[in-house]
Amino acid sequence: MSLESALQSLKRGEFVLLFDSAGRENEIDMVVAAEFVTPEHVARMRQHAGGLLCIAIDNNFAKSLDLKYMHDILADSSISNKEMIMGLAPYGDHPTFSLSINHYQTYTGITDKDRSLTIREMANIFNVENKQKKFASSFKTPGHVPLLIASKGLLAARQGHTEMSVYLAQVAGLTPVTAICEMMDAETYSALSVDKAEKFAKQNGIPLIDGKELLEYAKVH
């Protein structure tokens, strides 16, 4: 399917499947714009993807909240086991993890209702005036939804699902905050193959975007 159909799906609060590349993680993520997330979205990601459900956010937004990457937070901490801190992942990129959060109105934080509230409210903060104050008063850490900070410069700096999903949201004219979850395969106990993802996409009417197509689009636009 075309990139345009994927953008239209995002605008309607629907899922898009996003493949990074065979030379990187070689994984497909389910992606949805965070501002539209409902408990049904979380349930579907849990049932049909099964990976780690995260919130990906724009780098400037993260800076406005005074957020840092977890590997930087740990490197600046007093923990003695600094050798545990991941510098580069096996596929060559630095991890984008920051804090993990729960919205203050959640109970355990892990239910479909709780996680959808956390995700949706994180997107809502983007439009408030004092973002850092609202963030600090609305969320608790550690929680059940990890935050991922997109690299400064997005696709020019890093071509991960974090950057690609945030870029898609920007191009669609939406808040640059997404919910993403890797698609797993219960038969092979590994990431879902592209062939199986294409079949799933066709059966469910979900656009599947290849990262190469997105990179080519970004070069032109």
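The name an unreviewed UniProt entry gives the chain is 3,4-dihydroxy-2-butanone 4-phosphate synthase, with Nitrosopumilus adriaticus as the organism. We quote the UniProt Pathway (unreviewed entry) comment for the chain here in full: "Cofactor biosynthesis; riboflavin biosynthesis; 2-hydroxy-3-oxobutyl phosphate from D-ribulose 5-phosphate: step 1/1."

Moving on to helix α5 (residues 112-125). End to end, α5 covers 20 Å across 14 residues, agreeing with the expected 20 Å (1.5 Å per residue, within 8%). In terms of burial, α5 is a largely internal element, 10 of the 14 residues being buried. By the burial criterion, the buried members of α5 are D112, D114, R115, S116, L117, T118, I119, M122, A123 and I125.

Turning our attention to the nonpolar core. If you look at the biggest cluster of nonpolar residues, it comprises 39 residues, and the most contacted ones within it are L17, I55, I119, M122 and F135. With residues near it in sequence (within four places) discarded, I119 still touches A34, V37, V42, L53, I55, V145 and A179. In this structure, A33, C54, V166 and Y167 belong to the second largest nonpolar core, which totals 24 residues.

With that settled, consider unusual backbone geometry. Of note, the bond from T141 into P142 is cis; its omega dihedral lies within 30 degrees of zero at 0°. The residue D66 is not glycine, and still its phi comes out positive at about 60°. Mapped onto the elements, D66 comes out in the loop between α3 (59-64) and α4 (70-75). Positioned with a positive phi, L154 is a non-glycine residue whose angle comes to about 50°. Here L154 lies in the loop between β5 (139-149) and α7 (161-171).

Looking now at the packing of aromatic side chains. Under the definition given, this model contains 2 aromatic pairs. Their ring planes at 85° and their centres at 5.2 Å tell us that F61 and F126 sit as a pair that is edge-to-face. Remark: F126 occurs in the loop between α5 and α6 (131-138) and F61 occurs in helix α3; sequence separation between them is 65 residues. With a centroid separation of 5.5 Å and 35° between ring planes, the pair formed by F135 and F139 is classed as tilted. By relative accessible area, which is 8% here, F135 ends up buried. Positioned over the ring face of F126 is K131, at 5.7 Å from the centre of the ring.

Each turn of an α-helix holds 3.6 residues, which means side chains three or four residues apart point in the same direction. Looking only at helix α1 (residues 3-11), the buried set comprises L3, A6, L7, S9 and L10. Taken around the axis of α1, the buried residues stretch over an arc of 160°, which confines them to a single face. Against the buried residues of α1 lie β1 (16-19), β2 (28-33), α7, β9 (208-210) and α9 (211-220). G13 occupies a position one or two residues after α1 and carries a positive phi of about 80°.

Attention now goes to the packing of α1 against α7. Look at α1 against α7: their axes get within 9 Å of each other, and the N-to-C directions meet at 80°. In terms of orientation, α1 and α7 fall into the roughly perpendicular class. Taken together, the residues of α7 that come into contact with α1 (itself represented by L3, L7 and L10) are L168, A169 and V171. Broken down by class, the residue content of the contact of α1 with α7 amounts to 6 nonpolar, no polar and no charged.

We now examine the pairing of strand β3 (residues 54-57). Looking down a regular strand, the side chains alternate between one sheet face and the other. Of the two faces of β3, the one lined by C54 and A56 and the one lined by I55 and I57 are each fully buried. Bridging between β3 and strand β6 (residues 177-182) involves 4 bridges; their strand directions are antiparallel. When the sheet's bridge partners are listed, I55 is paired in β6 with A179. The pairing of β3 with β5 spans 3 bridges and is classified as parallel. If you follow I55 over to β5, its bridge partner there is L147.

This part covers the sheet that holds β5. Spatially, β4-β5-β3-β6-β2-β1-β9 is the arrangement adopted by the 7 strands of the open sheet, whose pairing is mixed. For this open sheet the edge positions go to β4 (97-103) and β9, each flanked by a neighbour on one side alone. Geometrically, the sheet is characterised by an average inter-axis angle of 40° between neighbouring strands, direction not taken into account. In this sheet, β2 lies alongside β1 in antiparallel orientation, the contact comprising 4 bridges.

About the thresholds
- Residues numbered from 1 in each chain as written.
- Predicted model: local features only at pLDDT ≥ 70, side-chain atom pairs only at ≥ 80, totals over all residues.
- Heavy atoms only, no water.
- UniProt positions renumbered as here; feature names shortened; annotations may be inferred.
- Helix = DSSP H or I, 4+ residues; strand = E, 2+ residues; numbered from the N terminus.
- Expected span 1.5 Å × (residues − 1).
- Buried < 20%, exposed > 50% of the residue type's maximum accessible area, 1.4 Å probe, protein only.
- Core = buried A, V, L, I, M, F, W, Y, C linked by side-chain atoms within 4.5 Å.
- Contact = heavy atoms within 4.5 Å.
- Phe/Tyr/Trp six-rings, centres within 6.5 Å; stacked < 30°, edge-to-face > 60°.
- Lys NZ or Arg CZ within 6 Å of the ring centre and 35° of its normal.
- Arc of directions from axis to C-beta.
- Axes fitted to C-alpha atoms, helices over the stretch in contact; angles between N-to-C directions.
- Parallel < 35°, antiparallel > 145°, perpendicular 65-115°, else oblique.
- Nonpolar A, V, L, I, M, F, W, Y, C, P; charged D, E, K, R; others polar.
- Pairing = 2+ DSSP bridges.

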